[in-house]
Amino acid sequence: RRMATKALVVLGAQWGDEGKGKIVDVLCKDMDIVARCQGGSNAGHTIKVGTSVYKFHLLPSGLVNTHTMCLIGNGVVVHLPSLFNEVDSMLTPEDGGAPLQVEGRIKVSDRAHIVFDYHQWEDGVREAALGKGAIGTTKRGIGPAISSKANRTGLRVGDLYNWDYFEAKMRANLESKEKRFAQKFCYPTYKGAPTGQIDLDQEVKRYKEFAERLKPYVVDSVSYMHDAFASGKKVLIEGANAAMLDIDYGTYPFVTSSSCTIGGCLTGLGINHHDIGEVVGVVKAYTTRVGEGPFLTECVNLESSPFYDKPSGGQPEYHDKVGQHLEKVGHEIGTSTGRTRRCGWVDLVV
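Summarised in this report is the structure supplied together with it. Model, not experiment: these values are computed from the prediction.

**Looking at the overall build of the protein**
Right, so step 1: Counting its secondary structure elements, the protein contains 9 helices and 13 strands.
Right, so step 2: Against the globule reference of 20 Å for 350 residues, the protein gives a C-alpha radius of gyration of 21 Å, in line with a compact fold.
Right, so step 3: Taken along the three principal axes of its C-alpha coordinates, the protein extends 65 × 60 × 40 Å.
Right, so step 4: A total of 350 residues make up the protein; the buried ones form 52% of that total.
Right, so step 5: Side-chain charges of the protein comprise 41 positive and 41 negative groups, with the mean position of each set lying 1 Å from the other.

**Concerning the sheet that holds strand 11 (residues 276–282)**
Two pairing modes exist for strands in a sheet, parallel and antiparallel, and in both the strands are linked by backbone hydrogen bonds.
Right, so step 1: Read from one edge of the open sheet, 7 strands run 9-7-5-2-10-1-11, paired in parallel fashion. In this open sheet, the two edge strands, each paired with only one partner strand, are strand 9 (218–219) and strand 11.
Right, so step 2: As paired elements, strand 7 (residues 106–109) and strand 9 share 2 bridges and run parallel to each other. Within strand 9, the residue paired with Val108 across the bridge is Val218.
Right, so step 3: Each of strand 1 (7–12), strand 2 (33–36), strand 10 (235–238) and strand 11 touches helix 1 (residues 20–27); the most contacted strand, strand 1, lies at about 165° to it.

**A look at the nonpolar core**
Right, so step 1: Judged by nonpolar contacts, the single largest core of 43 residues is most densely connected at Leu83 and Tyr207.
Right, so step 2: At the level of elements, strand 4 (52–56), strand 5 (69–72), helix 2 (80–91), strand 7, helix 3 (117–130), helix 5 (163–181) and helix 6 (200–214) are the ones that each hand at least two residues to this core.
Right, so step 3: Top contributing element to this core by residue count: helix 6, with 6 residues.
Right, so step 4: Not counting residues up to four positions away in its chain, the partners in contact with Tyr207 are Leu80, Pro81, Ile114, Val115, Phe116, Leu160, Trp163, Phe166 and Met170.
Right, so step 5: Formed by 17 residues, the second largest nonpolar core is a distinct cluster that contains Val9, Leu71, Val219 and Ala228.

**With respect to unusual backbone geometry**
Right, so step 1: Cis geometry is adopted by the peptide bond preceding Pro253, which originates at Tyr252 and carries an omega value of 5°.
Right, so step 2: Located in the positive-phi region is Asp17, a residue other than glycine, with phi close to 60°.
Right, so step 3: Looking at where Asp17 falls in the secondary structure, it is placed in the loop between strand 1 and helix 1.
Right, so step 4: For Asp17, a relative accessible area of 24% translates into the label partly exposed.
Right, so step 5: With phi around 50°, His331 is a residue other than glycine that occupies positive phi space.
Right, so step 6: Turning to its location among the elements, His331 is positioned in the loop between helix 9 (321–329) and strand 13 (342–345).

Conventions and cut-offs
- The residue numbering used here restarts from 1 in each chain and proceeds along that chain's sequence as written.
- Selection of residues for local features in this predicted model requires a pLDDT of at least 70, selection of side-chain atom pairs for listing and counting requires 80 or more, and totals for whole chains, interfaces and linings are taken over all residues.
- To get the side-chain values, all heavy atoms of the structure are used, and hydrogens and water are removed first.
- Put simply, DSSP H or I for four residues or longer makes a helix, DSSP E for two residues or longer makes a strand, and each gets a number counted from the N terminus.
- Only the C-alpha atoms count toward the radius of gyration. The rule for a globule is 2.2 Å times the residue count to the power 0.38.
- Here the term buried applies to any residue with accessible area under 20% of the maximum for its type, exposed to any over 50%, and partly exposed to those in between, with areas from a 1.4 Å probe on protein chains only.
- When charges are counted, Lys and Arg contribute as positive and Asp and Glu as negative, whereas His and the chain ends are disregarded.
- A charge is said to be at NZ when it belongs to Lys, at CZ for Arg, at CG for Asp and at CD for Glu.
- DSSP calls a pair of strands paired once it identifies at least 2 bridges connecting them.
- The criterion used for residue contact is that any of the two residues' heavy atoms lie within 4.5 Å.
- Structural elements are reduced to axes, namely lines fitted to C-alpha atoms, with helices fitted over the stretch in contact, and the angle between N-to-C directions of any two is expressed from 0 to 180 degrees.
- Only buried Ala, Val, Leu, Ile, Met, Phe, Trp, Tyr and Cys residues count toward a nonpolar core, and they belong to the same one when joined by side-chain atoms within 4.5 Å.

Structure (structure tokens):
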């Protein structure tokens, strides 16, 4: 049914967590390439194969299929320590599951912007400053990294191989941010992260090591994609987040920082609109969202709710009885954040 030279696109049509990873896993069995086009490690797709559970944040979910190449496009912002942690988790799954074959199957665009630890620290500082008006971000540094990109102060993957330029700009960026926020930035929390205040000399050493490890992954992603279409490769584009979190079309300002709708596929991979074939929008039978923002069908435990769960003592439940059921049966815990998702009735108007 699909033309081999056109991409199949899978996008979320709600606020994310619709089950896109499962759909991608099914569809990519026929695909040569699965490509991410936007977002960063704020995405979270969980795929279960037999007794093995794989949690994807930056890597395309197509990695589960051994014949599929996986591309992180130029529209994705990449936190290198998280990328390598994720690669390592696929090689040695924590649950003792079957390791995935990753060697030679992952490509990263040389145009993709880098998320630094100082971006993640800045994300937390900005959220704290907003107080009750906080967006509820994942604090993964996505927004600050994309701000750096728009401000033309960002650093791209390709810059790692122009070392003098990279080092000078990284030093200048951190010094500028610490001066602007009038505080010393500290390392965020993730597996293998240093502790204490960010040490520029230590960062220089770390990123030299990252550059060496990353080198086999790096490609000119625009040429890579155009060559794929020209040679008849079957391509699936895996969207992250969802339409109602789109920076332009979502519930602004309670949105993510990238274009999660079809336009993000074009700019995030450098492809032509004629390269797009079918577009699949994923919706689940109820609605969830993570973080703050409007949610009209949310099952909040209010006395006016016909499903009110009256507390017998102590703190009342956040969700009413229906919301609690959705949360429990749907295992509504965020893959990236570990936060319980807000649950509610399906919103067909949205």
